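Chain residues, written in single-letter form:
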Amino acid sequence: LVFSILAPSAFPTLSNVISILRQIAMLATISLGLTFVLITKRSDLSIGYSTSFLGIVVAALLVRAGMNIWLALITVLLGALIGLINGVVIAYLGVPDFIASLGVGYVVAGINQAYTKGHPISNLPADFEIFGAQRLGGVIPNAVIIMLIVLVVSSIILNQTKLGRYIYGVGDNEEASLMSGVNTRSTIVWAYVFCGIACGVTAVMLTSRLGSAHPQAAEDYLLDAIAAVWLGGTAFKDGEPNLAGTLLGALIIGTMANGLTILNVSYYYQDIATGLIILAAVIITSVQKSHKN
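Residues numbered from 1 in each chain as written. Predicted model: local features only at pLDDT ≥ 70, side-chain atom pairs only at ≥ 80, totals over all residues. Heavy atoms only, no water.

Participant: How should I be thinking about the overall build of the protein in this particular structure?
Facilitator: Along the backbone of the protein there are 12 helices and 2 strands. Helices (α) and strands (β) of the protein occur, in sequence order from the N terminus, as α-α-α-α-α-β-β-α-α-α-α-α-α-α. The C-alpha radius of gyration of the protein comes to 19 Å, within 12% of the 19 Å expected for a compact globule of 293 residues. The principal-axis extents of the C-alpha atoms in the protein amount to approximately 55 × 50 × 35 Å. For the protein, the share of sequence-separated contacts (at least 6 apart) that also reach a separation of at least 24 residues comes to 75%. Of the roughly 14000 Å² of accessible surface on the protein, 67% is carried by carbon and sulfur atoms. Each charge sign in the protein was given a centre, from 13 positive and 13 negative side chains, and these centres are 5 Å apart. (Helix = DSSP H or I, 4+ residues; strand = E, 2+ residues; numbered from the N terminus. Rg over C-alpha atoms; globule rule 2.2 N^0.38 Å. Contact = heavy atoms within 4.5 Å. Areas by Shrake-Rupley, 256 points an atom, 1.4 Å probe, with all protein chains shown as cover. Lys, Arg positive; Asp, Glu negative; His and termini not counted. Charge placed at Lys NZ, Arg CZ, Asp CG, Glu CD.)

Written out as structure tokens, the structure is:
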């Protein structure tokens, strides 16, 4: 409402709505994957490093190995492998999720920098633009369609399968789930695998949209993804992470950035505004949980 009043000719338009959806497609996708992990009351600090690395991988497969754009999607499987490593170290070796995921992230970032020497990989094939730069019918960005597909698949997994109920059960009461016969360790591993897959999909979309792969292209997504999940958790389910809320959280962050940019507000102040919103969300969530208790 505020942006529509302050910029009536630029903000409340169909083209700008589509632009916002296009801008948040990558953030929403990686945030949806992170939601699986946060539901289990754990975290994954490797997602930014992993997505940057996977972007380099897909670009290297296309440019230096000459692979077909569809074969390059094995990048998504590599993302699942990174998630599997995170999950096994955390669930089966007992390493705290904060330390384990950060350690895996540093290892991945180190491999990334060692391979690229800090230089981007460009000259991607033109048909690779289908995953992030092109639009269906010249109107709806393909990245938005991919984001919606990830949302639907994630929703089916979490709401229509046993594994989804187990993931919620582990987050709600891990000990009770274990006593009920749930293999809590494998459930946690699966949550990290889904998060890794989302990182792979995001990497493909981001690299396609940029037209090149940068070694640090997605490292800023970590804090934004956590913020998106928490903002959405404030809106739904008494502050608990959930898919609908995550999409809403990404929309809030994207709308803020878009509106402030239209108003020519410096990005310094954009960070302040985003930070205040996140703080407000966390405070509201804490109040909600205290009332619930």
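Participant: Just to check I follow, could you spell out the layout of surface pockets for this structure?
Facilitator: Over the atoms rolls a probe the size of a water molecule, and its path tells where empty space is left. Roughly 660 Å³ of internal volume is contained in the largest pocket. In this structure, the largest pocket is lined by 22 residues; those nearest its centre are L27, Y221, D224, I253 and A257. Put simply, the parts of the chain that give the lining of the largest pocket at least two residues each are helix 2 (14-39), helix 10 (221-235), helix 11 (243-262) and helix 12 (267-292). At 7 residues, the largest contribution of residues to the lining of the largest pocket is made by helix 11. Volume-wise, the second largest pocket comes out at about 260 Å³. Along its surface, the second largest pocket is lined by L73, V76, I130, F131, N142, I146, I149, V150, V201, V204 and M205. Looking at the lining of the second largest pocket, the elements with two or more residues in it are helix 6 (142-160) and helix 9 (184-210). Ranked by residue count, the leading element in the lining of the second largest pocket is helix 6, at 4 residues. For the lining of the second largest pocket, a count of residues per class yields 10 nonpolar, 1 polar and no charged. (1 Å grid on protein atoms, 1.4 Å probe; cavity = no way out; pocket = protein on both sides within 12 Å on 5 of 7 lines; lining within 4 Å. Points joined across faces, edges and corners; volume = space filled by probe spheres on them. Nonpolar A, V, L, I, M, F, W, Y, C, P; charged D, E, K, R; others polar.)

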